[in-house]
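Spelled out from the first residue to the last, the chains are:
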Amino acid sequence: MSRILSANVLLGIAPIVLVIALWQGLVSFGFAPAVLLPPPGFVFGRLLQQLVTWTFQQEIAATLIRLFAGFAIAVVLGVSIGIAAAANPAINAVVRPIVRVLAPLPKVALYPALLLLLGFGHGSKITLVAADALFPILLSTYYGASTVEQKLIWSAMAAGTPRYEILFKVVLPAAMPSILTGCRIGLVISCIVVFLAEMITSTDGLGHALVTAARTFQAVDMFVPLITISLLGLILNGLLGALRSYLLRGFPEA
């Protein structure tokens, strides 16, 4: 098991090292001017300097608050609606056409309307994150709940289990692998969308820090927020993967 884990870690690190090496090569051989593409050593050094400053920590906190709030709303709504649609044909008949219309729609197109309704603070950004992360979670939950073996439900009904308890004790656990897959997709989308929303209009957050650095032609400071959001996404995805392994430790595919 330890060898497999070490191999997976090495395979995960190798592409990152390759990208950094390519980045350094582009700068070293003059394919990109250092003014526009600073060496990775300068960028990572600046990142370490920024991480200990209170101002940059506030930028990270603002981004994380919006990310976690929007993602949490998406999880609650996506799982609830997905299970309800799979369990109730009437709800399914209402939800299905709405999903077909709204799922392909780029949610960022709704951002100007959200700004008018909710203002320039946390509300509009959290809502945009929730709207974008909702559909992969909802669809994964619906698929997982719809493919639960009927004999499990029949066995629970034969044992006299109330219908609402069947949802929580049979359907939800059986659909958990699909739900968690949707959550991982939704988390990646949340990281992208919150950063984009802060770039468009914000007074704080990592996206705002990038735009501010770009406007003042500070190339090194411009790359620092990019790497920070990438590292946050990597860490959060790893934590969610660990949670998935823990929750699915009884499943064969885990």
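Everything quoted here is computed from the prediction, not taken from an experiment. (Residues numbered from 1 in each chain as written. Predicted model: local features only at pLDDT ≥ 70, side-chain atom pairs only at ≥ 80, totals over all residues. Heavy atoms only, no water.)

A. Expanded view of the overall build of the protein chain. When helices and strands are counted, the protein chain shows 10 helices and zero strands. Taken from the N to the C terminus, the helices and strands of the protein chain come in the order α-α-α-α-α-α-α-α-α-α. Its C-alpha atoms put the protein chain at 70 × 55 × 30 Å along the principal axes. Counting over 254 residues, the protein chain shows a buried share of 37%. (Helix = DSSP H or I, 4+ residues; strand = E, 2+ residues; numbered from the N terminus. Buried < 20%, exposed > 50% of the residue type's maximum accessible area, 1.4 Å probe, protein only.)

B. Broad picture of the packing of helix α4 (residues 89-102) against helix α6 (residues 122-146). Contact geometry for α4 and α6: axes closest at 12 Å, N-to-C directions at 140°. When the interaxial angle is binned, α4 and α6 end up oblique. Here the hand of the crossing between α4 and α6 comes out left-handed. Contacts from Asn92, Arg96, Val99 and Leu102 in α4 reach Phe135, Leu138, Leu139 and Tyr142 in α6. Looking at side-chain class alone, the contact of α4 with α6 contains six nonpolar, one polar and one charged residues. (Axes fitted to C-alpha atoms, helices over the stretch in contact; angles between N-to-C directions. Parallel < 35°, antiparallel > 145°, perpendicular 65-115°, else oblique. Left-handed = near helix turned anticlockwise from the far one by under 90°. Contact = heavy atoms within 4.5 Å. Nonpolar A, V, L, I, M, F, W, Y, C, P; charged D, E, K, R; others polar.)

C. View of the packing of aromatic side chains. For the structure shown, the criterion picks out two aromatic pairs. Summarising the aromatic geometry, the rings of Trp23 and Phe44 are spaced 6.3 Å apart at their centres and angled 50° between planes, so their arrangement reads as tilted. Within this pair, whereas Trp23 is found in helix α1 (residues 2-28), its partner Phe44 is found in helix α2 (residues 40-51), the two being separated by 21 residues in sequence. (Phe/Tyr/Trp six-rings, centres within 6.5 Å; stacked < 30°, edge-to-face > 60°.)

D. Representation of the pattern of salt bridges within the structure. Scanning the model with the defined rule gives three salt bridges in all. Note that Arg46 is salt-bridged to Asp221, the shortest N-O span being 2.6 Å. Of this pair, Arg46 sits in helix α2 while Asp221 sits in helix α10 (residues 219-247), placing them 175 residues apart in sequence. The shortest N-O distance in the salt bridge between Arg66 and Asp204 comes to 2.5 Å. (Salt bridge = Lys/Arg side-chain N within 4 Å of Asp/Glu carboxyl O.)

E. Here's a closer look at unusual backbone geometry. Even without being a glycine, Phe217 presents a positive backbone phi close to 60°. Structurally, Phe217 can be placed in the loop between α9 (206-215) and α10.

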